[in-house]
Amino acid sequence: MKPLYIIPARGGSKGIPHKNIKALGGRPLLAYTIDVALADARRTGGTIVLSTDDPEIADTARALGLTVEYMRPEALGGDNIGSREVMLDVLDWADSRGIDYDCIVLLQPTSPFRILSDISEAEALYDETVDMVTSVCPSDANPYYNIFEIGGDGSIKVSKGDGLYTRRQDCPPVYQQNGAVYVINPRSLRQMPMGVFAKRIPYIMPQSRSIDLDTPADWARAEALISKK
């Protein structure tokens, strides 16, 4: 396996301003993802591409030991741009330079607690018949128990099942994506949106490594965890 690692780090961020290079535990947030990407790339021989539209983020990445040659086009820097469009542009850039890869490993900087084995173990679940391996963690909310939908009459009903479960621990286990690791088939990505991938394989991570930094509250929790370590 020879991955093309993509680290998306645009300059704009409304929830936590300039969060990709904001200091977390005394280091730029981006550093935690660059560290594990570099370590895994040494094992696989893959290529790491930082996708950013912000020169300051690019300079920070270079100071952290990452070679940065690609810059994201300004047209792909808005809030309305999805991950697929960003990755497809990186694929075109990599193809134009003859970079060899057989899968994409998307590593978002907002998951600073993922460890190297999370990446390598997710990669081990991937083969060319798979559309995507995606990291997940156990969900506190369960559609068989405490997630509800509002019906046409304004009343609520449990989202899944007959509503007869009286204890959470008896319900079927459910998981949520945690945003830490995606191992993606390039052919599938070019053909369709990720939301309609037919074969998505879960890589289960503990909740302790599944914090996805999106709000100031998430950031405060991450700072508290790092201070304890």
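One can find the structure itself at the top, above this paragraph.
Residues numbered from 1 in each chain as written. Predicted model: local features only at pLDDT ≥ 70, side-chain atom pairs only at ≥ 80, totals over all residues. Heavy atoms only, no water.

**As for the layout of surface pockets**
The space that makes up the largest pocket amounts to roughly 550 Å³. Surrounding the largest pocket, 29 residues form its lining, Pro8, Arg10, Lys19, Gln108 and Thr110 being those nearest its centre. Only β1 (3-8), α3 (83-96) and β9 (175-184) provide two or more residues apiece to the lining of the largest pocket. When the residues that make up the lining of the largest pocket are grouped by side-chain class, the tally is 11 nonpolar, 11 polar and seven charged. Put simply, the second largest pocket is a space of about 180 Å³. Those elements giving two or more residues to the lining of the second largest pocket turn out to be β6 (132-138) and β9. (1 Å grid on protein atoms, 1.4 Å probe; cavity = no way out; pocket = protein on both sides within 12 Å on 5 of 7 lines; lining within 4 Å. Points joined across faces, edges and corners; volume = space filled by probe spheres on them. Helix = DSSP H or I, 4+ residues; strand = E, 2+ residues; numbered from the N terminus. Nonpolar A, V, L, I, M, F, W, Y, C, P; charged D, E, K, R; others polar.)

**Considering α3**
The first and last C-alpha atoms of α3 sit 20 Å apart over 14 residues, in line with the 20 Å expected at 1.5 Å per residue. Along α3, the positions that sit buried rather than exposed are Val86, Met87, Leu88, Val90, Leu91, Trp93 and Ala94. The inward-facing, buried residues of α3 abut β1, β4 (47-51), β5 (103-106), β9 and α5 (186-191). Of the residues trailing α3, Gly98 is marked for its positive phi of about 70 degrees. (Expected span 1.5 Å × (residues − 1). Buried < 20%, exposed > 50% of the residue type's maximum accessible area, 1.4 Å probe, protein only. Contact = heavy atoms within 4.5 Å.)

**So, the nonpolar core**
Membership of the largest hydrophobic core comes to 29 residues, with the highest contact counts inside it found for Ile7, Leu30, Leu50, Leu107 and Val183. When contributions to this core are tallied by element, the ones reaching two or more residues are β1, α1 (29-44), β4, α2 (55-63), β5, α4 (116-124) and β9. Among the elements that take part in this core, α1 stands out by supplying five residues, more than any other. The contacts of Leu30, once residues within four sequence positions are left out, are Ile7, Ala9, Asn20, Leu50, Ile57, Ala61, Leu64 and Pro109. Of all hydrophobic cores here, the second largest spans 20 residues; its members include Leu4, Met87, Trp93 and Leu189. (Core = buried A, V, L, I, M, F, W, Y, C linked by side-chain atoms within 4.5 Å.)

**Concerning the packing of aromatic side chains**
Counting across every chain of the model gives two aromatic pairs. With a centroid separation of 5.5 Å and 65 degrees between ring planes, the pair formed by Tyr70 and Trp93 is classed as edge-to-face. Taken as a pair, Tyr70 in the loop between α2 and α3 and Trp93 in helix α3 lie far apart in primary sequence, 23 residues in all. Looking at Trp93, the relative accessible area reads 15%, which means it is buried. Aromatic side chains Tyr144 and Tyr165 sit 6.0 Å apart centroid to centroid with 85 degrees between the ring planes, which places their arrangement in the edge-to-face category. With a gap of 21 residues between them, Tyr144 in the loop between β6 and β7 (148-150) and Tyr165 in the loop between β8 (156-158) and β9 connect regions that are remote in the sequence. Residue classification places Tyr144 among the buried positions, given a relative accessible area of 17%. (Phe/Tyr/Trp six-rings, centres within 6.5 Å; stacked < 30°, edge-to-face > 60°.)

**What to know about the packing of α1 against α4**
Between two packed helices, the angle of one axis relative to the other and the distance separating the axes together describe the packing. Packing of α1 against α4 leaves a shortest axis separation of 9 Å and a crossing angle of 45 degrees. Taken together, α1 and α4 sit at an angle that is classed as oblique. By crossing handedness, the relation of α1 to α4 is classed as right-handed. Residue-level contacts link Val36, Ala39, Asp40, Arg43 and Thr44 of α1 to Leu116, Ile119, Ser120 and Glu123 of α4. Looking at side-chain class alone, the contact of α1 with α4 contains four nonpolar, two polar and three charged residues. (Axes fitted to C-alpha atoms, helices over the stretch in contact; angles between N-to-C directions. Parallel < 35°, antiparallel > 145°, perpendicular 65-115°, else oblique. Left-handed = near helix turned anticlockwise from the far one by under 90°.)

**A short note on the pairing of β1**
In terms of burial, β1 is largely enclosed, as six of its six residues are buried. The alternating pattern of β1 places Pro3, Tyr5 and Ile7 on one face and Leu4, Ile6 and Pro8 on the opposite face, and all of these are buried. Pairing analysis gives four bridges linking β1 to β5, with the strands arranged parallel. Across the sheet, residue Tyr5 finds its bridge partner in β5, namely Val105. Bridge count for β1 against β4 is five bridges, and the pairing is parallel. (Pairing = 2+ DSSP bridges.)

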